[in-house]
Amino acid sequence: MSELTHFNQAGEAHIVDVGDKAETHRIAIAEGWIYMQADTLARIQAGDHKKGDVLGIARIAGIMASKKTSDLIPLCHPLALTHVSVDFELLPDENAVYCQAKAETRGQTGVEMEALTSVQVALLTIYDMCKAVDRGMSMDKIRLVRKEGGKSGVWERN
């Protein structure tokens, strides 16, 4: 098992030195779900929510969040993202919205945290926009699906 890289030999937290790492094309894909009442999902689908286009606003929030990840996660490197996408799928049989975010950069460290932050904030935005009609919504299975690039290469969830 690998060691925890955010701690030095004395056990103190530090930002990982990536200065000697090669620049490579890095990609990360994350996903998550938000579950809600059927009526809430119907409002999102119809696009007649009084606050506006729920998924459009959540998409922008997810993209913006990916760019602010290093401001939120204390030991995360600030990255120059080259691409971020946030996509949604309505799942009426599950009364859920599925979210997938993809983050890319060319650099010395990965973009897993940016993709995960993007999904979480997109789902939180859906919650915020719909909480007046459904406070019981729940987010679940926010997780990394795939990462590419760097010394460790490709990792994919089974």
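These figures come from a predicted structure and were not determined experimentally. Every chain is numbered independently, its residues counted from 1 as its sequence is written. Predicted model: local features are reported for residues with pLDDT of at least 70 only, side-chain atom pairs are reported and counted for 80 or more only, and whole-chain, interface and lining totals are derived from all residues. Calculated side-chain values reflect all of the structure's heavy atoms, with hydrogen atoms and water omitted.

## Remarks on the packing of helix α2 (residues 54-67) against helix α4 (residues 112-130)
Running from N to C, α2 and α4 cross one another at 145 degrees; their axes reach a closest spacing of 7 Å. Read as a crossing pair, α2 and α4 show a hand that is right-handed. Contacts from V54, L55, I57, A58, A61, G62, I63, A65 and S66 of α2 reach α4 at E114, T117, S118, V121, A122, T125, I126, M129 and C130. Any residue that is not Ala, Val, Leu, Ile, Met, Phe, Trp, Tyr, Cys, Pro, Asp, Glu, Lys or Arg is counted as polar, Gly included; the first ten are nonpolar and the last four charged. When its residues are assigned to classes, the contact of α2 with α4 shows twelve nonpolar, five polar and one charged. Axis definition: a line fitted to C-alpha atoms, limited for helices to the stretch in contact. Angles are taken between N-to-C directions and run from 0 to 180 degrees. Counting from the N terminus, the helices are the DSSP runs of H or I reaching at least four residues and the strands are the DSSP runs of E reaching at least two. Handedness of each helix crossing follows the sense of rotation of the near helix against the far helix: counterclockwise by less than a right angle gives left-handed, clockwise gives right-handed. Only heavy atoms matter for contacts: two residues are in contact if any of them lie within 4.5 Å across the pair.

## Some points on the environment of Y35
The topology assignment puts Y35 in strand β1 (residues 24-35). In sequence terms Y35 and Y98 are 63 residues apart; their C-alpha atoms lie 8.9 Å from each other. For Y35, the contacting residues outside a window of four places in its chain are E94, N95, A96, M137, S138, D140 and K141.

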